[in-house]
Amino acid sequence: MSEARRVSFAADRAQEAVEFVRSLREHTAHARSLPWRADLSRLPAPRILFHLSPPIEADQSATVRTWRATYRYGLLHYRRGPGFLIVRDFRPGATRDEIVLDRPESVSALEHFADPHPLPAADDPSYPSVQNLLADGMLLAVGGLAVALPYRLHRLPLPIEVLGHG
C-alpha cells in the first residue's frame, strides 16, 4: 500500500485539492480505496464528500468517525440516459434522493466539471446551471475551482442477500 497523501482544502491549495478529489472520485467509482489524510478545517460542509472513500486518521475527529461509519459505495452516483443524467444522492443530510438533469446546459455543466475547472463568472451563460449544481452539492468548489462529485457506478452496490447468496 502506498503512503497516505495529506490533503488540504485551503484556497491556496485549491488546484491540488480539486485534482485529488477528482482522483478520489475515480478510485471510489471503481470501489478502490485511496489512502489519504485530510485537513478538513477549511471545508465548510465535509458531508459533501461522504460518498467518497474516507480518509485514514489515527486520531479520528468526530467528522472522520461519522464519515467512516456512514460511507458505502454508491452514495452519490449518476446514470446516463439519452440527453439526461439521473443523479442518486444518499449522502447523510441530502435533501433529495434523485436529481434529474434534463436541460442540456445542466448536463453540459456537470460533464465539464468531471475534470477541475475554474468557476464561471456571473455573466457566463453556464453560471445559473453551475450555481444550481453547487446548491445541490454536485460540485465541490475550492478557491475558485470546482470539480464534479457524482461518479458513474462500475460495480453493483447491492447487498449479497439481494443476489440470493446470503
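Criteria and thresholds
Residues numbered from 1 in each chain as written. Predicted model: local features only at pLDDT ≥ 70, side-chain atom pairs only at ≥ 80, totals over all residues. Heavy atoms only, no water. Helix = DSSP H or I, 4+ residues; strand = E, 2+ residues; numbered from the N terminus. Rg over C-alpha atoms; globule rule 2.2 N^0.38 Å. Buried < 20%, exposed > 50% of the residue type's maximum accessible area, 1.4 Å probe, protein only. Contact = heavy atoms within 4.5 Å. Areas by Shrake-Rupley, 256 points an atom, 1.4 Å probe, with all protein chains shown as cover. Lys, Arg positive; Asp, Glu negative; His and termini not counted. Charge placed at Lys NZ, Arg CZ, Asp CG, Glu CD. Polar contact = N/O pair within 3.5 Å; in protein donor to acceptor, adjacent residues only side chain to side chain. Phe/Tyr/Trp six-rings, centres within 6.5 Å; stacked < 30°, edge-to-face > 60°.

**Student:** Break down the overall build of the protein chain for me, citing the residues and quoting the values.
**Tutor:** Summing up its helical and strand segments, the protein chain has 4 helices and 9 strands in all. Its C-alpha atoms give the protein chain a radius of gyration of 16 Å, near enough to 15 Å, the size a compact globule of 166 residues would have. With the C-alpha coordinates aligned to their principal axes, the bounding extent of the protein chain is approximately 50 × 45 × 25 Å. Looking at the protein chain as a whole, 41% of its 166 residues are labelled buried. Contacts in the protein chain between residues far apart in sequence, at least 24 positions, make up 56% of those at least 6 positions apart. Accessible area for the protein chain stands at about 9100 Å²; split by element, carbon and sulfur atoms hold 50% of it. Side chains of the protein chain carry 20 positive and 19 negative charges; the gap between the two charge centres is 5 Å.

**Student:** Now, about the side chain of Ser8: what can you tell me, with residues and values included?
**Tutor:** Along the chain, the position of Ser8 falls in strand E1 (residues 5-8). The exposure class assigned to Ser8 is buried, which follows from its relative accessible area of 15%. At 3.2 Å, the side chain of Ser8 and the backbone nitrogen of Ala10 are in polar contact. Ignoring anything within four residues of it in the chain, the contact list for Ser8 reads Arg13, Ala17 and Asp39.

**Student:** Describe in detail the side chain of Asp89, supporting the description with residues and values.
**Tutor:** Residue position: Asp89 is located in strand E4 (residues 84-89). The class for Asp89 is buried, based on a relative accessible area of 3%. Engagement of the side chain of Asp89 in a polar contact is seen with the side chain of Arg91, the distance being 2.8 Å. Not counting the four nearest positions on each side in its chain, Asp89 is found in contact with Leu75, Leu76, Ala94, Arg96, Asp97, Asp136 and Met138.

**Student:** Before we move on, can you summarise the packing of aromatic side chains with the specific residues and values?
**Tutor:** Overall, the coordinates contain 4 aromatic pairs when judged by the stated rule. Considering the side-chain rings of Phe20 and Trp36, the 5.1 Å spacing of their centres and the 50 degrees angle between planes classify their relative orientation as tilted. With Phe20 in helix H1 (residues 14-29) and Trp36 in strand E2 (residues 36-39), this residue pair connects regions lying 16 residues apart in the sequence. On the basis of an interplanar angle of 70 degrees and a centroid distance of 5.6 Å, the ring pair of Trp36 and Trp67 is categorised as edge-to-face. Here Trp36 is found in strand E2, whereas its partner Trp67 is found in helix H2 (residues 62-70), with 31 residues between them in sequence. Of the two residues, Trp36 and Trp67, both sit in the buried class. Taken together, the ring pairs connect Phe20, Trp36, Phe50 and Trp67 into an aromatic cluster.

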